[in-house]
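Each chain is listed here by its residues.
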Amino acid sequence: GEVARMFSINPSMIRFWETEFPQLHPYKNKAGTRYYTQDDINTIKSIYYLLKIKGYTIDGAREKLSSNRKIVDRNVQIQNSLSKIKDFLIDIKNNLDE
C-alpha cells in the first residue's frame, strides 16, 4: 500500500505488474507481505513512466524495459527533474502574483 500511494495507484495494479514484468520481484514473507527494495521501486517508476506517462501497452513496456533499461531509467530521471523544475517555476509565479 505504501508503495502504491507513492504513485497514486491501487496496490492491485502493482501486484498485476509483478505478474507482467519479470524485472519486478519483491521479497514476500511467509504471510505474503511484500517488501520492496529501492531497485524494485525504481523498476516501478520505470513501468509507471512507460505505461502512464508515455502510453505504452503492457507488451510494449515489457519489451522496452528488456531491451533499453538504461535509456528508460535515464528518461525517468529526466522526467522527474523536469517535473521538479516545473513545480519550482509555478511556485515562483505564484509568489510573484501575490
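Conventions we followed
Residues numbered from 1 in each chain as written. Predicted model: local features only at pLDDT ≥ 70, side-chain atom pairs only at ≥ 80, totals over all residues. Heavy atoms only, no water. Helix = DSSP H or I, 4+ residues; strand = E, 2+ residues; numbered from the N terminus. Buried < 20%, exposed > 50% of the residue type's maximum accessible area, 1.4 Å probe, protein only. Polar contact = N/O pair within 3.5 Å; in protein donor to acceptor, adjacent residues only side chain to side chain. Contact = heavy atoms within 4.5 Å. Phe/Tyr/Trp six-rings, centres within 6.5 Å; stacked < 30°, edge-to-face > 60°. Salt bridge = Lys/Arg side-chain N within 4 Å of Asp/Glu carboxyl O. pLDDT = per-residue confidence, 0-100. Core = buried A, V, L, I, M, F, W, Y, C linked by side-chain atoms within 4.5 Å.

**Describing the side chain of Glu18**
Mapped onto the secondary structure, Glu18 falls in helix H2 (residues 11-20). Classification of Glu18 as buried rests on a relative accessible area of 13%. At 2.9 Å, the side chain of Glu18 and the side chain of Arg34 are in polar contact. Not counting residues within four places of it along the chain, the set of residues in contact with Glu18 comprises Leu24, Pro26, Lys28, Arg34 and Tyr36.

**A short note on the packing of aromatic side chains**
The full count for this structure, using the stated rule, is 2 aromatic pairs. Look at Phe7 and Tyr48: their rings are 5.7 Å apart centre to centre, the planes differ by 40°, and that puts the pair in the tilted class. A residue pair is termed long-range when its members are at least 10 positions apart, and Phe7 in helix H1 (residues 2-7) and Tyr48 in helix H3 (residues 38-53) qualify at 41 residues.

**Here's the deal with the environment of Arg34**
Here Arg34 shows up in strand S2 (residues 34-35). A relative accessible area of 28% places Arg34 in the partly exposed class. Considering only alpha carbons, one finds Arg34 and Arg15, 19 residues apart in sequence, at a separation of 9.6 Å.

**A word on the pattern of salt bridges**
Using the criterion set out here, one finds 6 salt bridges in the structure. Where Glu18 meets Arg34, a salt bridge forms, and the shortest distance between an N and an O atom there is 2.9 Å. Remark: Arg34 occurs in strand S2 and Glu18 occurs in helix H2; sequence separation between them is 16 residues. One salt bridge connects Arg62 with Asp59, and the closest N-O pair in it is separated by 2.9 Å. Of this pair, Arg62 and Asp59 both sit in helix H4 (residues 58-67), 3 residues apart, which is roughly one turn of the helix. The network of salt bridges with common partners includes Glu18, Lys28 and Arg34.

**Some words on the confidence of the model for the protein chain**
Here the protein chain averages 91 in pLDDT, and 100% of its residues register 70 or above. Taken element by element, the protein chain is modelled with least confidence in H1, mean pLDDT 90, and with most confidence in H2, mean pLDDT 94.

**Looking at unusual backbone geometry**
The bulk of non-glycine residues show a negative phi, and the bulk of peptide bonds are trans. One non-glycine residue with positive phi stands out, namely Ser8, at about 55°. Locating Ser8 in the fold gives a position in the loop between H1 and H2. Taking relative accessible area as the criterion, Ser8 reaches 69% and is therefore assigned exposed.

**A look at the nonpolar core**
Judged by nonpolar contacts, the single largest core of 18 residues is most densely connected at Trp17, Phe21, Ile44 and Ile47. Those elements that provide at least two residues to this core are H1, H2, H3, H4 and helix H5 (69-97). Top contributing element to this core by residue count: H3, with 6 residues.

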